[in-house]
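One letter stands for each residue in the lines below.
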Amino acid sequence: SLSSRHCPWKMNQLPPKSAVASPVSESTNSRGEALDSLSMDSFWLEVENIKQSAEAEQEECGLADVKTQEEGEAEAEWLQDAGLAELLGEPAGDKDNLVLLSTLTRTQAAAVQRRLDTYSRSRRRRNKHPVRDVRDIFAASSSQDTASEKEEPSPDPLWHNLRTSNTQRKTQDYSCSVRNPGKEEVFNMDVAYSEQAAVLLKGSFLSESRKLKDGNALTRFKIPKGRLGVTRIGDLSAQDMKKIPTLALIELTALCDILGFELKRNKAAKLKTTEKRLFGVPLNTLLENDQKLLPNTKVPLLLQALLSCLEKRGLETEGILRVSGSQTRIKSLEQKLERDFYSGLFRWDDVHQNDVSGLLKRFIRELPAPLLTAEYLPAFAAVQNIPDLKQRLQALNLLILILPESNRNTLKALLEFLSKVVAREKNNKMNLWNVSTVMAPNLFMHKGLPNKIPEGKEKQLAEGAADVVRMMIHYQDLLWTVSSFLVAQVRKLNESNSRRYQFCDKRIKNLLRKIHADKDKVEKNQGEPSKVVKVHASLLLKDSLEVHLNNATRVADVLRQFQKNLCQNGWNIVNTVNLLKCNNSTDCTNLLLYEVGGNIGEHCLDPDTYLLDLYHINPHAEWIIKQNPSCPRMF
């Protein structure tokens, strides 16, 4: 976790509702002053419901207890997960994985060096074969960085040598640091978050925080579109998305180092098998079974059915999600679903909507591993400890990118539904905070994680967990964006891999001497202010389309030109109208432009991308027009 004092909770270690039901704490630092006091009662009522439903099934714990890691073990695991196993002196599956070092910013390289330093000290103390000397690898670090890292070296393997004033605070201020509540702020994704934090540290780190009064005061963030546009999760190919988690892990670690927080991850545990087919089944197993019925299924079919049922009949129900259904009926419905779901015999129309919401929450809780993963659940829970709202969102954005694809897709489907619940607040009486407090125990409590709540911290931890859920619901569009600095690093990785460098210590030194700030700078060729390129659309036209690019040409312009050519090439006017419409809305075009090859696998382009700038970044790519997969085919 970002702080070892704040951990997820084990069910049977939660205090009874009566012990913490007092609506408002005397502490002036608590968020309870700014939030609906009754909503925390909903949190603890949900906890009691979960405990009651689990009392008879405690022996069915689906996740083994997390074992304490030995000195240096956490660092070794981190380096392996970060794609840097070769630095441990071990053979790596990808012989080119050291090209990753060439893409790192200064703060990211410093984070890697800290892990190597700690791992090296632990190996030497155990008198094992020494690993590669980190000074040979990171000789390029600036003298200031090196000096700062050598101050007060700590033998503790969990990186307590990080300098921080946060650990000296007696009480935690859970209010968000909001400079302009209710107004719009820029959320910069061009520069690495850790580099932004380092700049803030050199000046005045944080402005005076102001309490959030209500949900309407949440800051609106706008991602400024650079000339290369904005990339969402799903816009990159699976091949390129596989590179994102390792880059995001390194960046998250670097950000935590700068902020002075400890990033401690749980060790992955082995899952126990189950004879069930739906509840208590690992996500990947569910998806494998579902894909046999419906190929390309991204979200478990059962979860889709539960959400669909609630969207049709439950969004207007007062207290939906908060009002618990009958535990007896829910258990009976679970058994019927196990028997009849895949055969299509289960009758959803006969189920009360409160029981469906109970099944939804039960499905999430019964996953053998938490939806937010056992490894990173503590980190999600501890995001609350970061004082500044923007930096909380930066950490959450990176954590979302680290999640396995199946977990990320399932979480997104859940959050989209929760947003729909909040949108009907006038009818269902469930505002953003109500929904967050009810869902937080279902996401953050897991019977396989044996962590205790520090005495006296129950209310703060509960509010903090609910606030993390609130941020994920409210800012999900931002959180499901791939930062442009990460896309730039993926491009550099692809370029380096294509050259098939043969690495040695000397090569690593040379690469790290050139570690750069990671703004996604566009190299503009002054001698080539325009360019003629070919855009392919083999599924629509036999011939390619010639496009004249200048500094003002955007993706949207090319798509409009292509649509115009369709009409001029003799397409039937009815088909053309259908092609340009998606679900009878002219606002949703049926066509997308993809960048394919060169230093990217496949990249669905933002309509506001300036193509001449993109050409200079990736001159060897092909540009291909395809139909939007979310729109029905019209030809």
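Residues numbered from 1 in each chain as written. Predicted model: local features only at pLDDT ≥ 70, side-chain atom pairs only at ≥ 80, totals over all residues. Heavy atoms only, no water.

- The protein chain is annotated in an unreviewed UniProt entry as RHG40 protein from Melospiza melodia.
- Under Function (unreviewed entry), UniProt gives the following word-for-word description of the protein chain: "GTPase activator for the Rho-type GTPases by converting them to an inactive GDP-bound state." (UniProt positions renumbered as here; feature names shortened; annotations may be inferred.)

### Some remarks on the overall build of the protein chain
- When its secondary structure is counted, the protein chain shows 25 helices and nine strands.
- For the protein chain, the proportion of its 635 residues judged to be buried stands at 55%.
- Excluding contacts between residues fewer than 6 apart, the proportion of contacts in the protein chain whose partners are at least 24 apart in sequence is 82%.
- Of the roughly 28,800 Å² that the protein chain leaves accessible, carbon and sulfur atoms contribute 48%. (Helix = DSSP H or I, 4+ residues; strand = E, 2+ residues; numbered from the N terminus. Buried < 20%, exposed > 50% of the residue type's maximum accessible area, 1.4 Å probe, protein only. Contact = heavy atoms within 4.5 Å. Areas by Shrake-Rupley, 256 points an atom, 1.4 Å probe, with all protein chains shown as cover.)

### Brief notes about the nonpolar core
- One finds Leu321, Phe380, Phe444 and Met472 to be the most contacted residues of the largest nonpolar core, which totals 129 residues.
- Core analysis: the next-biggest nonpolar cluster, separate from the first, contains 23 residues, Val535, Leu611, Ile617 and Ile625 among them. (Core = buried A, V, L, I, M, F, W, Y, C linked by side-chain atoms within 4.5 Å.)

### Looking at the environment of arginine 232
- Along the chain, arginine 232 falls in strand E3 (residues 231–232).
- We classify arginine 232 as partly exposed; its relative accessible area is 36%.
- Along the primary structure arginine 232 and serine 483 are separated by 251 residues, whereas in three dimensions their C-alpha atoms are 8.4 Å apart.
- Not counting residues up to four positions away in its chain, the partners in contact with arginine 232 are Ile223, Asp477, Trp480, Thr481 and Val482.
- A polar contact is formed between the side chain of arginine 232 and the backbone oxygen of aspartate 477, at a distance of 3.3 Å. (Polar contact = N/O pair within 3.5 Å; in protein donor to acceptor, adjacent residues only side chain to side chain.)

### What to know about the pairing of strand E9 (residues 622–627)
- Alignment of strand E5 (residues 531–536) against E9, held across two bridges, turns out to be parallel. In the strand pairing of E9, valine 535 is matched with tryptophan 623. (Pairing = 2+ DSSP bridges.)

### Brief notes about the packing of aromatic side chains
- A full pass over the atoms with the stated rule returns seven aromatic pairs.
- An angle of 55 degrees between the planes, with centres 5.8 Å apart, marks the rings of phenylalanine 221 and tyrosine 475 as tilted. Of this pair, phenylalanine 221 sits in strand E2 (residues 220–222) while tyrosine 475 sits in the loop between helix H19 (458–474) and helix H20 (476–479), and the two are 254 residues apart along the sequence.
- Considering the side-chain rings of phenylalanine 341 and tyrosine 342, the 5.2 Å spacing of their centres and the 70 degrees angle between planes classify their relative orientation as edge-to-face.
- By relative accessible area, which is 25% here, tyrosine 342 ends up partly exposed.
- In this structure, arginine 115 packs its charged tip against the face of tryptophan 78, placed 5.8 Å from the ring centre.
- Over the face of the ring belonging to tyrosine 594 we find lysine 626, whose NZ or CZ atom lies 4.9 Å from the ring centre. (Phe/Tyr/Trp six-rings, centres within 6.5 Å; stacked < 30°, edge-to-face > 60°. Lys NZ or Arg CZ within 6 Å of the ring centre and 35° of its normal.)

### A short note on the packing of helix H4 (residues 106–125) against helix H9 (residues 244–259)
- At a minimum axis distance of 8 Å, the contact between H4 and H9 shows a crossing angle of 85 degrees. With respect to H9, the element H4 is oriented roughly perpendicular. On the side of H4, the interface is formed by Thr107, Gln108, Ala111, Val112, Arg114 and Arg115, while H9 contributes Ile250, Glu251, Thr253, Ala254, Asp257 and Ile258.
- Looking at the contact of H4 with H9, its residues break down into five nonpolar, three polar and four charged. (Axes fitted to C-alpha atoms, helices over the stretch in contact; angles between N-to-C directions. Parallel < 35°, antiparallel > 145°, perpendicular 65-115°, else oblique. Nonpolar A, V, L, I, M, F, W, Y, C, P; charged D, E, K, R; others polar.)

### What about the sheet that holds E5?
- Across the sheet, which stays open at both edges, the five strands sit in the order E6-E5-E9-E7-E8 with mixed pairing between neighbours. Both edges of this open sheet fall to strand E6 (545–549) and strand E8 (600–604), since each of them pairs with a single strand only. The mean angle between the axes of side-by-side strands here comes to 30 degrees, regardless of whether they run parallel or antiparallel.

### Some points on H9
- Spanning 16 residues, H9 covers 22 Å between terminal C-alpha atoms, matching the ideal 22 Å at 1.5 Å per step.
- Summarising burial for H9: 14 of the 16 residues are buried, a large majority.
- Positive phi shows up at glycine 260, right after H9, with a value of about 85 degrees. (Expected span 1.5 Å × (residues − 1).)

### Observations concerning the confidence of the model for the protein chain
- Looking at the protein chain as a whole, its pLDDT mean stands at 75, while 66% of the residues score no less than 70.
- The low-confidence segment residues 511–527 (pLDDT under 50) makes 39 contacts with residues lying over four places distant or belonging to another chain.
- Scored below 50 in pLDDT, residues 571–588 shows 25 contacts in the model against residues more than four places distant or in partner chains. (pLDDT = per-residue confidence, 0-100.)

### Here we look at the pairing of strand E7 (residues 591–597)
- Taken across its seven residues, E7 has six buried, putting it largely inside the fold.
- Pairing between E7 and E9: six bridges, direction antiparallel. Residue glutamate 595 lies in a different strand from E9, and its bridge partner there is tryptophan 623.
- Bridge analysis of E7 against E8 gives four bridges, and the strand direction is antiparallel. Bridging from a neighbouring strand, tyrosine 594 pairs with cysteine 604 of E8.

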